[in-house]
Structure formats: structure tokens, C-alpha cells
Amino acid sequence: MLSSPDANHPALVRIPPWVQEKLSPKAVDYIKRVHHWVETECIPAEPIVKAQLAKFGRWKTPPLIHELRAKAKKEGLFNLFLPKSFGSLSPGLTNLEYSCCAEIMGRCYWAAQTMNCHAPETGNIELLAKYCNEEQKQKWLMPLLNGETSSAYSMTEPDRASSDATQIACRITPDPSDPNTLIINGRKLYGNAMWNDDLSVYILWPVQTPPTPTPGNATPRSSSPNPPRASPCSAT
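The rules behind these values
- Residues numbered from 1 in each chain as written.
- Predicted model: local features only at pLDDT ≥ 70, side-chain atom pairs only at ≥ 80, totals over all residues.
- Heavy atoms only, no water.
- Helix = DSSP H or I, 4+ residues; strand = E, 2+ residues; numbered from the N terminus.
- Buried < 20%, exposed > 50% of the residue type's maximum accessible area, 1.4 Å probe, protein only.
- Areas by Shrake-Rupley, 256 points an atom, 1.4 Å probe, with all protein chains shown as cover.
- Axes fitted to C-alpha atoms, helices over the stretch in contact; angles between N-to-C directions.
- Parallel < 35°, antiparallel > 145°, perpendicular 65-115°, else oblique.
- Contact = heavy atoms within 4.5 Å.
- Nonpolar A, V, L, I, M, F, W, Y, C, P; charged D, E, K, R; others polar.
- Pairing = 2+ DSSP bridges.
- Expected span 1.5 Å × (residues − 1).
- Polar contact = N/O pair within 3.5 Å; in protein donor to acceptor, adjacent residues only side chain to side chain.
- Salt bridge = Lys/Arg side-chain N within 4 Å of Asp/Glu carboxyl O.
- Left-handed = near helix turned anticlockwise from the far one by under 90°.
- Core = buried A, V, L, I, M, F, W, Y, C linked by side-chain atoms within 4.5 Å.

A word on the overall build of the chain
Logical step 1: Helix and strand counts for the chain stand at 9 helices and 7 strands.
Logical step 2: Within the span of the chain, comprising 236 residues, buried residues form 38% of the whole.
Logical step 3: Of the accessible surface of the chain, which amounts to about 13,600 Å², a share of 54% is contributed by carbon and sulfur atoms.

Some words on the packing of helix H4 (residues 46–56) against helix H5 (residues 63–74)
Logical step 1: The geometry of H4 relative to H5 is characterised by a closest axis approach of 8 Å and an angle of 130° between their N-to-C directions. In this view, H4 runs oblique relative to H5, as classed from their interaxial angle. Within the contact between the two elements, H4 uses Ile 48, Val 49, Gln 52 and Phe 56 and H5 uses Pro 63, Leu 64 and Ile 65.
Logical step 2: Residue composition of the contact of H4 with H5, grouped by class: 6 nonpolar, 1 polar and no charged.

What to know about the pairing of strand S3 (residues 178–185)
Logical step 1: In terms of burial, S3 is largely open, as just 0 of its 8 residues are buried.
Logical step 2: By the bridge criterion, 5 bridges tie strand S2 (residues 171–175) to S3 in an arrangement that is antiparallel. If you follow Thr 173 over to S3, its bridge partner there is Ile 183.

Observations concerning helix H9 (residues 134–145)
Logical step 1: For H9, built from 12 residues, the straight-helix expectation of 16 Å at 1.5 Å per residue is missed by more than 12%, its first-to-last C-alpha distance being only 14 Å.
Logical step 2: For H9, every residue scored as buried is listed here: Lys 137, Trp 140, Leu 141, Pro 143, Leu 144 and Leu 145.
Logical step 3: Regarding H9, its N-cap is Asn 133, as a side-chain oxygen of that residue lies 3.2 Å from the backbone nitrogen of Glu 135 further along.
Logical step 4: Just downstream of H9 lies Gly 147, where phi reads positive at about 75°.

Quick word on the pairing of strand S4 (residues 199–204)
Logical step 1: Most of S4 sits inside the fold, with 5 of its 6 residues counted as buried.
Logical step 2: Where strand S1 (residues 150–154) and S4 come together, 5 bridges link them in parallel fashion. Bridged to Ser 154 within S4 is Leu 204.

Remarks on the environment of Asn 196
Logical step 1: Structurally, Asn 196 is set in the loop between S3 and S4.
Logical step 2: For Asn 196 and Lys 60, which are 136 residues apart along the polypeptide, the C-alpha to C-alpha distance reads 5.9 Å.

Brief notes about the pattern of salt bridges
A side chain of one charge can pair with a side chain of the opposite charge if their charged atoms are brought near each other.
Logical step 1: Under the counting rule described, the total for this entry stands at 9 salt bridges.
Logical step 2: Taken together, the shared-partner salt bridges in this structure form one network comprising Arg 14, Glu 39, Glu 103 and Arg 107.

Description of the packing of helix H8 (residues 121–131) against H9
Logical step 1: Interaxial distance between H8 and H9 falls to 10 Å at its minimum, and their mutual angle equals 150°. Taken together, the axes of H8 and H9 lie roughly antiparallel to each other. Where H8 crosses over H9, the two elements pack in a sense that is left-handed. Judged by residue contacts, Glu 121, Ile 125, Leu 128, Ala 129 and Tyr 131 of H8 engage Gln 136, Lys 137, Trp 140, Leu 141, Leu 144 and Leu 145 from H9.

Structural notes on the nonpolar core
Logical step 1: The biggest cluster of nonpolar side chains holds 48 residues, and the ones touching the most others in it are Ile 31, Val 34, Met 105 and Met 115.
Logical step 2: Where this core is concerned, the elements lending two or more residues are helix H3 (25–42), H5, helix H6 (95–105), helix H7 (111–114), H8, H9 and S4.
Logical step 3: For this core, the element with the highest residue contribution is H3, accounting for 8 residues.
Logical step 4: With residues up to four places along the chain from it excluded, the contact list for Met 105 reads Val 34, Val 38, Leu 80, Tyr 98, Ala 111, Ala 112, Met 115 and Cys 117.

Concerning unusual backbone geometry
Logical step 1: Note that the residue after Ala 119, namely Pro 120, is joined by a cis bond; omega there is 0°.
Logical step 2: Looking at where Pro 120 falls in the secondary structure, it is placed in the loop between H7 and H8.

Quick look at the side chain of Glu 157
Logical step 1: Along the chain, the position of Glu 157 falls in the loop between S1 and S2.
Logical step 2: Only 3.1 Å separates the side chain of Glu 157 from the backbone nitrogen of Cys 170, close enough to count as a polar contact.
Logical step 3: A distance of 2.9 Å separates polar atoms of two side chains, one belonging to Glu 157 and the other to Lys 188.

Limitation: the analysis is restricted to geometry and does not speak to function.
This is the structure we're talking about:
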């Protein structure tokens, strides 16, 4: 159980007792620091960021966001989302502990971005950290972890409800003439985003095992005993 001063801290007072019991001292420290960051750096700056968005447009990251990201990184409030399973890349928080930080970040809609804990970076970073080899990590993962660039995932397709991954038409298949090569066939929409200077990495979502359409069923079934898998691959 938390000590009396911590239990009454504004960052922790709303956390249920059963969650408080599961928080490590490290997590308590992070939660308090995230609360201080959001309350003193983010919320007071909301009018400034709003004005900068109006001036530079929605495809440009406001200059103040860049400044706050650099400051948050120096203060060790960066990439808090990576689970313990990622070793030295992770701050060492459990999902439950990080959720307490994420709840506080949600009090300002762009606060998570200042700590590199925003979508789609969180999912893309975790994907690259899990599946890339060391060479690929240096090329694509580390710049994202360091906050030097931004990423996106290319999912939307023409004539498809691509918010449902089972509807993806883009296919990835082995090259019959070269077992070390994969062939990707398909079309994606909204994939250029040339106005976003920070964007440099895309995660392309094709389907490896096509589903078998089932009329009248919202969830298509696969002809394989295994469900269809969306296979991510990185491209610059």
C-alpha cells in the first residue's frame, strides 16, 4: 500500500486501492512526474499550441511540441509505454502501471506526443522492437525511439473497409523463384502525406492468408484452421 503522502498525492488519489497495491516505487515516481509534467508544461500551453496549429496547419508539428519533446526526453519521460519484455528499451513499467500514466496524459490531447507515447508511434515502435533484426532496428526503430522522426501505417485501401483488418486486399506472397523475397500486390490510399516533414517510416499492412468471404457474416472466416494474419513490413 502507498504511504500516506503518496496516497494523497493528486496524481494517485483517484487510483483504486487494488491498483495502488500493485504499483512499484518506480511506477509511483513516474506517475507523479507525469502528473507534474502534464499539469505544469502541457495544460498551460494549450492556447499556444492551438495558435501554432492555426498558423502552421495541421500537417506541421507545432514548434512548442518539438521544444517540449526535447525537454521531456532530457527528464526521462520518453517511451514510457514499452513493456518490460523489451528489456533495456523499456522503462520497466507493467501495463497496469503505464495505464496510470496514460490516464494522466489524456488530460491534454497532445500531452502523450510530448512524451513519445502517442499513436501510431506506440504500436509501430513496439512492432519494430519485436520483429526487426539489429540492422533494421538501427535504421528504423532507434530514430523513432529517439524522437528524431515519425511513422505511419498504410492501411486504407480503395473499396475496402480497411479499419477492419480482415478486409485488407493487399497481398504478400513468397516469390516462387526466390525463397528470400516477398512479393506485395495491392493499392493503398493516403500514403504520401508529403506535407508532414517529420514522417519518414511507413508500416505497410498486407494480408498473408486471404480470408474466405462469408456472406451475411460481419467476421469473414478463413479457409485455413489459422485466422488470417496481417503481416507488417517497413518501408521508407
